[in-house]
Amino acid sequence: MLENLKLKRYGPIRLPLCALLMLALISGSLSAEWVPELDAVAPSLDAQTCFACHGPGGESIAPAIPSLAGLPRRYLLEVMQAYRYGGRFSTVMGRLMTAYDDAQIEHLADYFSRQPYPVIRQDVDWNLLARGKQLHRRFCFECHGDPVNTPKPGVPRLHGRWMDYLRWTLHDYLVGINQGDDEMSEALARLVRNQGQEGLEALLHYYGRGKP
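Now for a look at the structure at hand.

Here the focus is the packing of aromatic side chains. In this structure the tally under the stated criterion is four aromatic pairs. Ring geometry for phenylalanine 51 and tyrosine 111: centres 6.3 Å apart, planes at 40°, overall tilted. Of this pair, phenylalanine 51 sits in helix α3 (residues 51–54) while tyrosine 111 is found in helix α6 (residues 102–113), placing the two residues 60 residues apart along the sequence. This pair shows no difference in class: phenylalanine 51 is buried, exactly as tyrosine 111 is. Ring geometry for tyrosine 206 versus tyrosine 207: centroids 5.8 Å apart, planes at 40°, classification tilted. Relative accessible area serves as the criterion here: at 4%, tyrosine 206 is assigned to the buried category. The class of tyrosine 207 is buried, set by a relative accessible area of 1%. Site record: aromatic cluster; members linked through ring pairs are Phe51, Tyr111 and Phe112. In this arrangement the basic side chain of arginine 137 is found over the ring face of phenylalanine 141, its NZ or CZ atom lying 3.9 Å from the centre.

And the structure:
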């Protein structure tokens, strides 16, 4: 069943360009001293290195690239460290994260977790929303919550996130590329076994709408 998942990884040109921009910015930011109080006025150079791909303030405008704004601090730390040490699949992030030390990663998690959570407007299939909502309540709600109910500590919201990025990332969990979250992988595999690709797509469109 998994081999039938049709994925489109958008932006084959955008990602390398972003990586080049980030590497250029990183080279000038590694020696910069971070002053936390200034983040409210202007983001540090370390944070700005992420803007080329993830958007100003961490609000992405590219369907294949996630927004970082408003994600839980603990989640951001875990994901960045996973990229750094090879526990999470990436095109360029694994290489980029090796340029950051622990203090810089802590700062990035602090900065982006304090930003407002963006709900992205995107086209959805309204015929799939009711089924997607039902599947969310059955398989995902307990951990991820919804726009009204708070997720578990350290667990990100899924509503309002780019559907293309979620489709790609969930596939990586299904095939075992992303490591470190067995509960997530098991729940997702159970959903696909019971509901098929159509059920997963309904879930993605429900999240794409951005409302409970």
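Okay, the packing of helix α7 (residues 129–144) against helix α9 (residues 182–209) next. Across the interface, α7 lies against α9 with an axial gap of 7 Å and an inter-helix angle of 130°. If you check the angle between α7 and α9, you find them oblique. Classified by chirality, the crossing of α9 by α7 is left-handed. Within the contact of α7 with α9, the residues separate by chemical class into twelve nonpolar, seven polar and seven charged.

Looking now at the environment of alanine 187. Following the sequence through the fold, alanine 187 ends up in helix α9. Counting along the chain gives 49 residues from alanine 187 to arginine 138, while the straight-line C-alpha distance between them is 9.9 Å.

Conventions and cut-offs
Residues numbered from 1 in each chain as written. Predicted model: local features only at pLDDT ≥ 70, side-chain atom pairs only at ≥ 80, totals over all residues. Heavy atoms only, no water. Phe/Tyr/Trp six-rings, centres within 6.5 Å; stacked < 30°, edge-to-face > 60°. Helix = DSSP H or I, 4+ residues; strand = E, 2+ residues; numbered from the N terminus. Buried < 20%, exposed > 50% of the residue type's maximum accessible area, 1.4 Å probe, protein only. Lys NZ or Arg CZ within 6 Å of the ring centre and 35° of its normal. Axes fitted to C-alpha atoms, helices over the stretch in contact; angles between N-to-C directions. Parallel < 35°, antiparallel > 145°, perpendicular 65-115°, else oblique. Left-handed = near helix turned anticlockwise from the far one by under 90°. Nonpolar A, V, L, I, M, F, W, Y, C, P; charged D, E, K, R; others polar.

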